[in-house]
Amino acid sequence: MVLNNEVDGKNLEVSNFANGSMRIHVVRLLPGEDIILSIQNFAKRKHIRAGVILTCVGSTGHTTLRPAGRKEGKIFKGKHEIVSLTGTFNADGQHHLHCYIS
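Quick caveat, the model's predicted, so the values are computed rather than measured.

A. The arrangement of the environment of Gln-40 in detail. Residue position: Gln-40 is located in helix H1 (residues 35-45). A residue is classified by how much of its surface remains accessible, and Gln-40, at 18% relative accessible area, is buried. Between the alpha carbons of Gln-40 and Phe-89 there is a distance of 7.6 Å; along the sequence they are 49 residues apart. Non-local contacts of Gln-40, meaning those with residues more than four positions away in its chain, are made with Gly-93 and His-95.

And the structure:
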């Protein structure tokens, strides 16, 4: 997901497929972007009331994950590959995401 779909004049949104009331967006995060903030901003920009992330491919440079049942997040320093990222989100900043890194 990209806060601004254009970088150096290039549109990074790969596709936008509409089928009835469902829209599918394929977008790209740039290095250093915050995944959660990017998702929230994308949802606001596209007026997404309820969204779902089906898959994600990429890597992180600094990762904070909050294990289930814990209030504090756990920080993983260094580069990690995103094995899976799925969940739900909306433009109001609510989200329920599951992320696995290796």
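Picking up after the structure, the text goes on.
B. Broad picture of the pairing of strand E7 (residues 74-89). One ladder, built from three bridges, connects strand E5 (residues 51-53) with E7; its direction is antiparallel. From the neighbouring strand, Ile-53 faces E7, where its bridge partner is Gly-87. Both strand E6 (residues 58-65) and E7 contribute to a ladder of seven bridges, which runs antiparallel. Note that in E7 the partner of Thr-64 across the bridge is Ile-75. Here E7 runs beside strand E8 (residues 95-101); their pairing, made up of seven bridges, is antiparallel. By the bridge assignment, Gly-87 is partnered in E8 with Leu-97. Count of turn residues in the E7/E8 antiparallel hairpin: five residues, of which Gly-93 carries a positive phi of about 90°.

C. Focus on unusual backbone geometry. A positive phi is found at His-47, a non-glycine position, where the angle reads about 55°. Relative to the helices and strands, His-47 resides in the loop between H1 and E5. According to the relative accessible area criterion, His-47 is exposed, its value standing at 67%.

D. Here's a closer look at the environment of Ser-59. Position of Ser-59 among the secondary structure elements: in strand E6. Given the relative accessible area of 37%, Ser-59 is considered partly exposed. Aside from chain neighbours lying at most four places away, what touches Ser-59 is Lys-79, His-80, Glu-81 and Ile-82.

E. How the structure looks around the layout of surface pockets. Considering only enclosed or pocket space, the largest pocket measures out at about 1800 Å³ in volume. Looking at the largest pocket, it is lined by 48 residues, and the ones nearest its centre are Ile-35, Ile-39, Ile-53, Leu-85 and Leu-97. If one sorts the elements of the lining of the largest pocket by residue count, E6 sits on top with eight residues. Looking at the lining of the largest pocket residue by residue, the classes come out as 28 nonpolar, 15 polar and five charged.

F. Focus on H1. Those residues of H1 that sit buried are Ser-38, Ile-39, Gln-40, Phe-42 and Ala-43. Those residues of H1 that are buried lie in contact with strand E4 (22-26), E5, E7 and E8. The N-terminus of H1 is capped by Asp-34, whose side-chain oxygen sits 3.0 Å from the backbone nitrogen of Ile-36. Backbone geometry just downstream of H1 places His-47 in the positive-phi region, at approximately 55°.

Parameters at a glance
- Residues numbered from 1 in each chain as written.
- Predicted model: local features only at pLDDT ≥ 70, side-chain atom pairs only at ≥ 80, totals over all residues.
- Heavy atoms only, no water.
- Helix = DSSP H or I, 4+ residues; strand = E, 2+ residues; numbered from the N terminus.
- Buried < 20%, exposed > 50% of the residue type's maximum accessible area, 1.4 Å probe, protein only.
- Contact = heavy atoms within 4.5 Å.
- Pairing = 2+ DSSP bridges.
- 1 Å grid on protein atoms, 1.4 Å probe; cavity = no way out; pocket = protein on both sides within 12 Å on 5 of 7 lines; lining within 4 Å.
- Points joined across faces, edges and corners; volume = space filled by probe spheres on them.
- Nonpolar A, V, L, I, M, F, W, Y, C, P; charged D, E, K, R; others polar.
- Polar contact = N/O pair within 3.5 Å; in protein donor to acceptor, adjacent residues only side chain to side chain.

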